[in-house]
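# Survey of secondary and tertiary structure
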Amino acid sequence: LLVGKNMWVSNHEVDARPILTNIKRDPNRNLIVVDVVKSKTAEMADYFIQIKPGTDFWFLRSLIKVLVDNNFVDWEEREVHSKSKEIIELINRFK
């Protein structure tokens, strides 16, 4: 899941293009891009969700709510795999 990121053109990952190409070729994986603009990365995506400018936060908040409401969050492991205290605090609001 890439949100607001055009890794194919402007990347901070050294191997962004091979990574994206491998995801695209793997039938067991899906590339999902959420962005305001249909970029080169979005064109490669299996699913592209074009959102309105300024709605990134609301999209992610809604996504987290769906994950929590449907019990898709492993509450025992969330702190081990999360790198951001802000994300954990946001998730905890829905718990």
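Residues numbered from 1 in each chain as written. Predicted model: local features only at pLDDT ≥ 70, side-chain atom pairs only at ≥ 80, totals over all residues. Heavy atoms only, no water.

## Here's the deal with the nonpolar core
Among soluble globular proteins, nonpolar side chains are generally buried collectively. Quick note on the threshold: The term nonpolar core refers to a set of buried residues drawn from Ala, Val, Leu, Ile, Met, Phe, Trp, Tyr and Cys, joined through side-chain atoms within 4.5 Å. Burial classification: accessible surface area is computed with a 1.4 Å probe over protein chains only, and a residue below 20% of its type maximum counts as buried, one above 50% as exposed, and the rest as partly exposed. Runs of E in the DSSP output that reach at least two residues are strands. Runs of H or I that reach at least four are helices, and both are numbered from the N terminus. Any pair of residues with heavy atoms lying within 4.5 Å of one another is described as a contacting pair.
Counting residues in each nonpolar core, the largest one holds eleven residues, listed as Leu 2, Met 7, Trp 8, Ala 16, Leu 20, Ile 23, Leu 31, Val 33, Ala 42, Met 44 and Ala 45. Mapped onto this core, the elements with two or more residues apiece are helix 1 (16–25) and helix 2 (40–44). Broken down by element, this core gets its largest block of residues, three residues, from helix 1. Aside from chain neighbours lying at most four places away, what touches Ala 45 is Lys 24, Leu 31 and Val 33. In terms of nonpolar packing, the next biggest core, distinct from the first, is built from five residues, Ile 64, Val 68, Val 73 and Ile 91 among them.

## Quick look at the side chain of Asp 35
Tracing the backbone through its elements, the reader meets Asp 35 in strand 2 (residues 32–35). A residue is classified by how much of its surface remains accessible, and Asp 35, at 13% relative accessible area, is buried. Residues in contact with Asp 35, not counting those within four places in the same chain, are Gly 4, Lys 5, Phe 48, Ile 49, Gln 50 and Ile 51.

## Things to note about the environment of Lys 5
Considering the arrangement of structural elements, one finds Lys 5 in the loop between strand 1 (2–3) and helix 1. Owing to a relative accessible area of 34%, Lys 5 belongs among the partly exposed residues under this scheme. In this structure the C-alpha to C-alpha distance between Lys 5 and Ser 39, which are 34 residues apart in sequence, comes to 8.6 Å. Beyond its immediate sequence surroundings of up to four residues, Lys 5 is in contact with Asp 35 and Thr 41.

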